[in-house]
Structures are given as structure tokens and as C-alpha cells.
Amino acid sequence: MAKNLVIVESPAKAKTISRFLGSDYRVLASMGHVMDLPKSKMSIDVDHDFEPDYIVSAEKKKVVTQLKDELKKVDELWIATDEDREGEAIGWHLLTALKVDKKKMPTHRIVFHEITEGAIKDALKHPRDIDQNIVDAQQARRVLDRLVGYELSPLLWKKIRYGLSAGRVQSVAVRLVVEREREIMAFKPEEYWTVIGNFEKKDRALAEREKNFQAELQKFKDEKLAIVNGEQAEKVLKDLEGAEYKVMSVEEKEMKRSPAAPFITSTLQQEASRKLGFSVKKTMMVAQKLYEGIDTGSGQTGMITYMRTDSVNLSDLALNMAKEVISKHFGPQYALDEPRKYKGRKGAQEAHEAIRPVDLAMTPDMAEKFLDKDQARLYELIWKRTLACQMKEAILNKVGVDINAFKGGRDTAYTFRATGQTIVIPGFMGVYLEGRDHEEEEAQDGEKILPKLVEGEMVDLKNLENTQHFTKPPARYTEASLVKKLESEGIGRPSTYAPTITTIMTRGYIEKDGKALKPTDVAMVVTDLLVENFREIVDYKFTAEMEEQLDSIEEGKTQWVPMIRAFYDPFHKNILEKNETLKKGEIIKDETNEVCEKCGSKMMVKLGRFGKFLSCSNYPECKNAQPLEGANGVSVEKKMTPEEERAVADLKAKHAETKCEKCGKPMEVKMGRFGPFLGCSGYPDCKNIKSIVVSSGVKCVKCGEGDLVERRTRKGGKIFWGCNKFPKCKCATWNKPVGKCEKCGGLRVVDKSGETLCMECEMEKKAPRAKGKKKQAS
């Protein structure tokens, strides 16, 4: 019979650890937290040092009973929960729920960074007690979040809409997304032009591709040249007619590039998003499985170290292992003489370790045999990043060439710049390169080879290209870039990023548009209220300072009750005050000029579960309600992109003579959520609108009756092509139709690369469909 009971959080972790221990040890799972604050009330006694009223969760009573029964059969108890704050708190709650008397039952706390036989047996040799400072830090976070959520949320219900919630970290994350959206909305695109010269080196011995290169016009009279309109671009081209081109200078310099640090939680989430397309939540779920253990054929074992960490340290064992693997698989010339050490951020848990494979000798090819697809991809990412950080730096040769235009032997003062880059020694870049958030940045990592050019050399111009561009607004946050921003602001910790993003999405504050995060109307309204009335709750610096205070509690430098008291007293006073002074009508500017077509009363803006809408002010006598877009039959115009502006300009010319069939006034082209439409210029007296149908000129290949016309999705307004006989015919495709295939009768479309293909007999061969995916058009 076992003499020792070891308690962990999950069955998978229990299964792996039990493999390494003998029959003297019984390993069981608590299934996470066994005690928590009940959801039905705040359960914090604010008058008695914020004492939390924890209870054994209803769904955990059976687990606790089972653990109590097992405890009676053993001599010693070992708490082996995760090594972070949450794991420490779970262990503390276990001792409380099991009513452990330490005087009668020897109780130990063990921690480890990886679930391997060596790590587990070493942890058993170095037990400790539950660290009350770590427990207090976790308890302070829990109490703080409960106070904010349970006092602020009812205010939002009363003043905005029932069911809303606010949180100390989640509301800051929402504010970041809202402020970025407002930057985008306020952004005004500015026109600019580029002039690119396609040049050729005068050397017949070189192949065509070896002597061709591009250079961009960048200076005029040694000053940066900004071409802001087409007229200026045409003038430049005219000035350069008949010019000859001479190389004025060639600069070459050797640059060294060092690898990124090994993964911590936030960087793993970012890279998995960029390279694998994983959500933050999915990354942590897959990493958890790799950490807790996989059956490798010879038994269950952990594949990676603990995945919730902010330390960039690697153990001496891992460093030695990395050197051996690099020398074996890539050659000793790529290995470092001395290990490369990285410096973590302020406040990082340096006693912990970065995320790495527990056995670097286990290559991705070897691991792939017993991992599923997602596990294999994430393991490979971690393996490569770990090795790369201990490989020699890359050496790059960067070249910059200035070329001036001459006419009649006179320098026109127009300077073109050509840049090139070659990789002299790939070093770590041969194994792994950190992803970038933008394609332009990623392009900087590859090679761009220029022909060998020398100062004074004449080069031939093949042609000049002048291209119109528009400046772009800042990109919306993705999950990866939001995690990066939260970390840079010091908001949250490794264990909080994924739950925070999941929460703000499930509660309807943030929507996904592809990978981009977009705030809802509710998010906008709630953020405005919090910024104006509870600034400290959504203040970046204040939230970061709170995190530092929690770190200080963990280190034993600060007491948690005075810290909570200093926050709560002014916060609670403000809640009471705003309950009395805030008026619902002032939060949502609800007056409009719209008139209810049913009863003649004014329409008002209301905020519902799915955002803003128009409701009759005579409610409940009149129950007329309409979407804010499409109210009274008139779509609200949206801000147009430069491309949409050009499309609307073409449509305005086409419909310049179109008259309203109801009142005879001219119809105007407008841009709504679902694309361009015609609205009567006599609005609001005449509310006539008409859709503008953009036809592809292609007959539907499915029904043979309708035409394939441009349509837009209800969510996001994305363009697709569908049969105008819908809903009778549901033929649809994302690609623009161009005709009928002569071979099979299928639909020919233009794909993303600009190539024309048949969706039935050609596109299938080019890119086979994954199992279970539907055809685009049928």
C-alpha cells in the first residue's frame, strides 16, 4: 500500500508523474481549484480586512471527498501543483479543504520546471512549505478583481445595459483595442507617389536576371523628395526623359545579427500566432499537453518545460545539451564557445526557466511520430527557437548604391537609391528566424542581390514606373500584437494574457475580423464611461503599478490588506457618487433627427446586446425599432478607403443622370456598410434608396438562369460573387468570375495570385482541398 499521496491539478500530469515514482506513491488530481469565491455574491468582507469567503465548489465536493479518503490511507502528503501563484493557491486551498493537520500529517510542497524522472525525483529531495507570500499575492489579485467586477458591473447594468461586466485587466485590454480603432477612424489617408527605376548593368557576360536591379528615386538636390500627387510625378518623369545614369557611390558594410531569446509565455503566444495561426488560447492548451506529458511509446513523459514563465534563463543542463545537438546536427562551427545569456524584463522570475524542450536530442522528426499535428508544430517551433538562441550570430553584407540622372552631361540632382543584402554566414538564421507583425518587415530578412557596381559606372535604364499610394492607418491589434502591447505596458502576467483575451471576446466587447481584433459598440460606450469616470481602472500606468505591488507582496515586501485598502476606499466612494450623478441619457447620446414612420415620434439611439440601434421614444406604446444602419430606409454612410473613393467616383460619373422615380430629384452615390448604393438627394423629405448591382457579366454555371453579381457579407461587408437568383440559387465564390470552363463547364475565376483557373478541373489540382472543407461555388 502507498505511504505517500501526491496531489497535482490534472489527470494527465498525474499519469506522467506516477510513472516516475514507485509503489510507495499514489498520485491523484484535484482537477484544478477545489475552493473558490461563490458567484452569487461578492464574498469579500470589506469591514474585516477583506476576508474572502471561500467555499468548496459544488462540482469539486466529490473530488475532495475522494482525496480525504485517500489521505487516511497514507503517512505523508505532497503538494505538487504548478510553480506559479495560481498553483501555490491551489495547494493552499487543498490543505484547507482536506483539513490537514500538519502536526499529525507531514506535508510537503514540491516544485519543478519540467515533468521528467530526474526533475521529479530531485524535487522530492528538496521539499518546502507552502509559500504564504505567493498565496497572498494570488489572493490579493483575486480580491482586487472581485471588488472591481462586483461593484463596477452593477453600475454598468444600471447606466448602460444589463449583463455588462468590467474587470481590472480586461477593461484596460478593451481600452487599447478601442483607442486603436479610433485612431483608424480618425486617420486621413494622404496621397504619395513613388518612382522606381528598372536598371541594367552594362555587362554582356552576365545573365539577364543577374544584371537587372531596381532603385527608388529618393532625393532631389540632396534632400528627401516627397512626391505628393500625380502632376508632380509626371513632372519628374518629364525631367528624366532622355537621361543617362551614373553610379555616384557604393557603400558596403558588414552587419551582425543575433538570435531572439528563448521563449517566454508572451513570445510563444506571439510566434505561434504569426507562424502557426494559433489563437492565444489554443497555444496555451497545446503547450499544456506537451508539458503535462505525452506517451512516447516507452511511457508518458513531459516534452517541454513549464509554459507560464517570464524568465529567459536556460539551465546549465539545457545549455550543454544545446551545444551537443547543434554540433551534431548543424556542425561545430555553428555552436558557441561560451553560452549566450539573456537579460529578462524587470520583475521577471529569474529562478524559473524559459520554455524549452526537456530533451533537445528529441528532434521534431523524432517527436512527430507520437504527437498530433498541432503538438508537433508547436514542439518544432520551441525546439528551433531554443537551439537558435545558442547558435552563432548571422553575418550579413548590406549594400547601398546611389545613382544620379544626367542630361547633356549635367547632373539633374535626382538621386536613385538601390539597396541589397546578402547572407555571408547564416548562423542561427539557418535554423530559425523570429516572425514579424508586418509583411514589409519580414521582407527585410531575406536576400536581395545587386550586381557588382562600382563608383563612376554608367548603367542603362530600362524603364521608369510611377505608382500612386496612400498612407495607411495603424493596423488593428491581433491577439499576438495585443499580448505584446500588454507586456510592454507591464499589464498582466504570463498566466493572465490568454484568459484576458478570451474574456473580452466571450463577453462581446471584441470581435474578430480575420485575425484583427475589432471593438463592438458596447466596448466603445463602456470604455468612454470608464475613462471619464473611473480613469484609474483603465489607466495603463496605474494597472502596471498594481502588478508591481502584487510582485512586491510575493517577495514579502508589502502586506496585501493595506494595499487593497488603499485602492478600495476611494474606489468605493466613487462608485457611490457615480450611482447618484451619472444619467443614462448622458452616457449614450440618444437624441436623433430621425422620425418614427409609424407614429411620428422621435427615434432614439439605444444600446442592445448586439450594439446600437434606433428605437421609438414613444415605447412601449410604439415598439418600432430599426438597426442604426438602415434606419428609415437610409444606410449610414461609412468612411471610405482610397480604393472605394475611386470606385464611387466612377459610379458617380455613371449615374450622374439618374433621377429618383419617386420625386424626380437626382440620385446620389453613397457608401454604406454593404457597399455603394443610390440615395435620393431630396432626403429627408424623400427617403428613396436603390442598390447598385455590379455584374460580372458571367451567367451562373449552377442554375443557368441568373447572373453572378457582386455581393457583400453581412458581417464585415466582405465582397463575394453570388447568383442574383438567390435564395433560389445559392451559387457563390470569393473569387471574381470570368467565364465558363470549356473543358468541364465549371466556373472560371481569378485567384489571389491573378491567375485564371477553373474551380472544378484546375484549381483543385493546384491546391487540393483539406478533408471536410466545402467548395467555394457549387
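Refer to the structure printed above.
In this report, we go over the structure that sits alongside the text. These numbers come from a predicted model, not from an experiment.

## Looking at the side chain of His93
With respect to the secondary-structure elements, His93 resides in helix α3 (residues 85–97). Setting aside residues no more than four positions away along its own chain, His93 makes contact with His33, Val34, Met35 and Tyr54.

## Description of the sheet that holds strand β33 (residues 756–758)
Across the sheet, three strands lie side by side as β31-β32-β33; this open sheet has antiparallel pairing. In the strand order of this sheet, the two ends are held by β31 (736–740) and β33, each with one partner. Geometrically, the sheet is characterised by an average inter-axis angle of 35° between neighbouring strands, direction not taken into account. Both strand β32 (residues 747–750) and β33 contribute to a ladder of three bridges, which runs antiparallel. Within the sheet, the bridge partner assigned to Val749 lies in β33 and is Leu757.

## A look at the packing of helix α10 (residues 280–292) against helix α16 (residues 497–506)
Helix packing for two helices is described by the angle between their axes and how far apart those axes are. Between α10 and α16, the least distance of the axes is 8 Å, while the angle of their chain directions is 140°. In this view, α10 runs oblique relative to α16, as classed from their interaxial angle. The interaxial crossing formed by α10 with α16 has left-handed handedness. Here Val280, Lys281 and Met284 of α10 lie close against α16, whose contacting residues are Tyr497, Ala498, Ile501 and Thr502. Within the contact of α10 with α16, the residues separate by chemical class into five nonpolar, one polar and one charged.

## Thoughts on a negative patch on the surface
Taken together, the side chains of Asp45, Asp47, Asp49 and Glu51 make up a negatively charged region of the molecular surface. Tracing the chain through its elements places Asp49 in the loop between β4 (44–45) and β5 (51–52). The class for Asp49 is partly exposed, based on a relative accessible area of 47%.

## A few points about the packing of aromatic side chains
Going through the model one piece at a time under the given rule, you end up with 14 aromatic pairs. Measuring from ring centre to ring centre gives 5.2 Å for Phe199 and Tyr245, while their planes differ by 70°; the resulting arrangement is edge-to-face. Highlighted residues: Phe199 in strand β9 (residues 191–201) and Tyr245 in strand β12 (residues 244–257), separated in sequence by 46 residues. Given the relative accessible area of 1%, Tyr245 is considered buried. With 5.8 Å between their ring centres and 80° between their planes, Tyr245 and Phe416 make a pair best called edge-to-face. With Tyr245 in strand β12 and Phe416 in strand β16 (residues 410–425), this residue pair connects regions lying 171 residues apart in the sequence. Per residue, the accessibility class of Tyr245 equals that of Phe416, and both read buried. Among the aromatic residues, ring-to-ring pairing joins Phe199, Phe213, Tyr245 and Phe416 into one connected group. Against the face of Tyr477 rests Arg180, its NZ or CZ located 4.2 Å from the ring centre. The cationic tip of Arg711 hangs over the ring face of Phe726; the distance from NZ or CZ to the ring centre is 4.5 Å.

## Overview of the nonpolar core
In terms of nonpolar packing, the biggest core is built from 140 residues, with Phe50, Phe112, Leu152, Ile304 and Leu378 touching the most fellow members. When residues in this core are grouped by element, the largest group, ten residues, is from helix α5 (residues 132–159). Counting residues in hydrophobic clusters, the runner-up holds 25 residues, among them Trp193, Leu225, Leu240 and Leu450.

## Quick look at the sheet that holds strand β8 (residues 107–109)
One open sheet accounts for four strands, arranged β2-β1-β7-β8; its pairing is parallel. Of all the strands in the sheet, the pair left with one neighbour each is β2 (25–29) and β8. Across the sheet, the axes of successive neighbouring strands diverge by a mean angle of 20°, strand direction being ignored. Bridging between strand β1 (residues 4–8) and β2 involves five bridges; their strand directions are parallel. Bridging across to β2, Asn4 finds its partner in Tyr25. The strands touched by helix α1 (residues 11–20) are β1 and β2; relative to β2, the strand with the most contacts, the crossing angle is about 165°.

## Some thoughts on the packing of helix α9 (residues 265–276) against helix α15 (residues 479–488)
For the pair α9 and α15, interaxial distance at closest approach is 8 Å and the crossing angle is 160°. As far as their axial angle goes, α15 and α9 are roughly antiparallel. For the pair α9 and α15, the sense of crossing is left-handed. Touching Ser266, Gln269, Gln270, Ser273 and Arg274 of α9 are Ala480, Val483, Lys484 and Glu487, all from α15. Here the residues of the contact of α9 with α15 are counted per class, giving two nonpolar, four polar and three charged.

About the cut-offs
- Residues numbered from 1 in each chain as written.
- Predicted model: local features only at pLDDT ≥ 70, side-chain atom pairs only at ≥ 80, totals over all residues.
- Heavy atoms only, no water.
- Helix = DSSP H or I, 4+ residues; strand = E, 2+ residues; numbered from the N terminus.
- Contact = heavy atoms within 4.5 Å.
- Pairing = 2+ DSSP bridges.
- Axes fitted to C-alpha atoms, helices over the stretch in contact; angles between N-to-C directions.
- Parallel < 35°, antiparallel > 145°, perpendicular 65-115°, else oblique.
- Left-handed = near helix turned anticlockwise from the far one by under 90°.
- Nonpolar A, V, L, I, M, F, W, Y, C, P; charged D, E, K, R; others polar.
- Patch = residues over 30% accessible without salt bridge, like charges linked within 9 Å, V, L, I, M, F, W, Y side chains within 5 Å.
- Areas by Shrake-Rupley, 256 points an atom, 1.4 Å probe, with all protein chains shown as cover.
- Salt bridge = Lys/Arg side-chain N within 4 Å of Asp/Glu carboxyl O.
- Lys, Arg positive; Asp, Glu negative; His and termini not counted.
- Charge placed at Lys NZ, Arg CZ, Asp CG, Glu CD.
- Buried < 20%, exposed > 50% of the residue type's maximum accessible area, 1.4 Å probe, protein only.
- Phe/Tyr/Trp six-rings, centres within 6.5 Å; stacked < 30°, edge-to-face > 60°.
- Lys NZ or Arg CZ within 6 Å of the ring centre and 35° of its normal.
- Core = buried A, V, L, I, M, F, W, Y, C linked by side-chain atoms within 4.5 Å.

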